[in-house]
Amino acid sequence: QKEVEQDPGPLSVPEGAIVSLNCTYSNSAFQYFMWYRQYSRKGPELLMYTYSSGNKEDGRFTAQVDKSSKYISLFIRDSQPSDSATYLCAMSDAGGTSYGKLTFGQGTILTVHP
Amino acid sequence: DVKVTQSSRYLVKRTGEKVFLECVQDMDHENMFWYRQDPGLGLRLIYFSYDVKMKEKGDIPEGYSVSREKKERFSLILESASTNQTSMYLCASSLGLLAGDSYEQYFGPGTRLTVT
């Protein structure tokens, strides 16, 4: 079993829809939870970051972490065609010398149709 | 702005060739990483380095080696390329040693390597 599981999709939604992207994980030591966005032919870029449990909102994006269920989510409100990309969840533990290693999910391909 | 550059966007090599992929970052980051990205498998860590001349194996190091002679430069070497190493290779860097300084990785644009 992979440490981080993410449904690769693809997910196709109409413009304006609410999108929900999810990951589950098995390593209870994970403390840092990230969502990266990757446009076609580009490298991933950090979109959202959450430490430990809770919610974080940034414009149309909301990240949620439920450590008791080992489940994280990214919600996109009022989705736009420009949101079409691959979304990767990533996690790391808080070890003193973790060297910043991240464990990534498989990535979900999202297409938002006009 | 942090910039991570990779030496080639596209590369075609023959089976058995020795292949060098170069990565340079300009923000004095301590950590550097090499990943490969394949459909349905996400990003898999090949090797990483947390200091000059220091390296650690990632999840899939077989068939690869790395070199970090200078802080800004991290090279991935395929000793004898094989067709199953056809993939997208991504280099990344992050700031420091502690997780709290390093959750943000900055990625290069990737090198699409085809081995025939």
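Every chain's residues receive numbers from 1 upward, in the order its sequence appears when written. To read the labels, note that chains go from A and ligands from 1, taken in the order they are written. Only residues with pLDDT of 70 or above have their local features reported here, since the model is predicted, and side-chain atom pairs are shown and tallied only from 80 upward, although totals for entire chains, interfaces and linings are computed over all residues. Only hydrogens and water are set aside when side-chain values are computed; all heavy atoms of the structure are taken into account.

S.K.: Account for the state of the cysteines, naming residues and giving values.
M.R.: Residue and element names in this part refer to chain A. When two cysteine sulfur atoms lie within 2.5 Å, the pair is treated as a disulfide. All told, the structure shown has two disulfides over all chains when counted by the stated rule. Each sulfur in the disulfide pair Cys23 and Cys89 lies 2.0 Å from the other. The disulfide joining Cys23 to Cys89 has a torsion of about -100° about its S-S bond and is therefore left-handed. Taken together, the positions of Cys23 in strand E3 (residues 19–25) and Cys89 in strand E9 (residues 85–93) put the pair 66 residues apart, joining distant regions of the chain. The way it works is that DSSP assigns letters per residue, a run of H or I at least four long becomes a helix, a run of E at least two long becomes a strand, and they are numbered from the N terminus.

S.K.: Tell me what's going on with the sheet that holds strand E7 (residues 64–70) of chain B, and back it up with residues and numbers.
M.R.: Residues and elements named next belong to chain B. The criterion for strand pairing is that DSSP finds at least two bridges linking the strands in question. One open sheet holds the four strands; their spatial order is E1-E3-E8-E7, and the pairing between them is antiparallel. Two strands in the sheet have a free side with no partner beyond their single neighbour: strand E1 (4–6) and E7. Put simply, the sheet's adjacent strands are angled 20° from each other on average, direction ignored. Summarising the sheet, strand E3 (residues 19–25) and strand E8 (residues 73–78) pair through six bridges and their orientation is antiparallel. Along E8, the bridge assignment pairs Val19 with Leu78. Throughout, an axis means a line fitted to C-alpha atoms (over the contacting stretch in the case of helices), and angles, computed between N-to-C directions, take values from 0 to 180 degrees.

S.K.: Talk me through the pairing of strand E7 (residues 61–66) of chain A; I want residue IDs and the actual numbers.
M.R.: Within a regular strand, side chains alternate between the sheet's two faces. Residue and element names in this part refer to chain A. Direction of pairing for strand E6 (residues 54–58) relative to E7: antiparallel, over a ladder of five bridges. Bridged to Lys56 within E7 is Ala63. Between E6 and E7, which follow one another and run antiparallel, lie two residues, and Gly59 among them has a positive phi close to 65°. One ladder, built from six bridges, connects E7 with strand E8 (residues 71–76); its direction is antiparallel. Its bridge partner lying in E8, Phe61 is registered against Ile76.

S.K.: Can you explain the environment of Asp66 of chain A? Please cite residues and give values.
M.R.: Residues and elements named next belong to chain A. Within the fold, Asp66 resides in strand E7. Separated by 13 residues in the primary sequence, Asp66 and Ser53 place their C-alpha atoms 5.7 Å from one another. Residue contacts for Asp66: discarding those within four places in its chain leaves Tyr25, Ser53 and Tyr71. Here a polar contact is taken to be a pair of N or O atoms separated by no more than 3.5 Å, where protein atoms must pair a possible hydrogen donor with a possible acceptor and residues adjacent in sequence count only if both atoms sit in side chains. Within polar-contact distance, the side chain of Asp66 engages the side chain of Ser68 at 2.5 Å. Here a residue-residue contact requires only that any non-hydrogen atoms of the pair lie within 4.5 Å.

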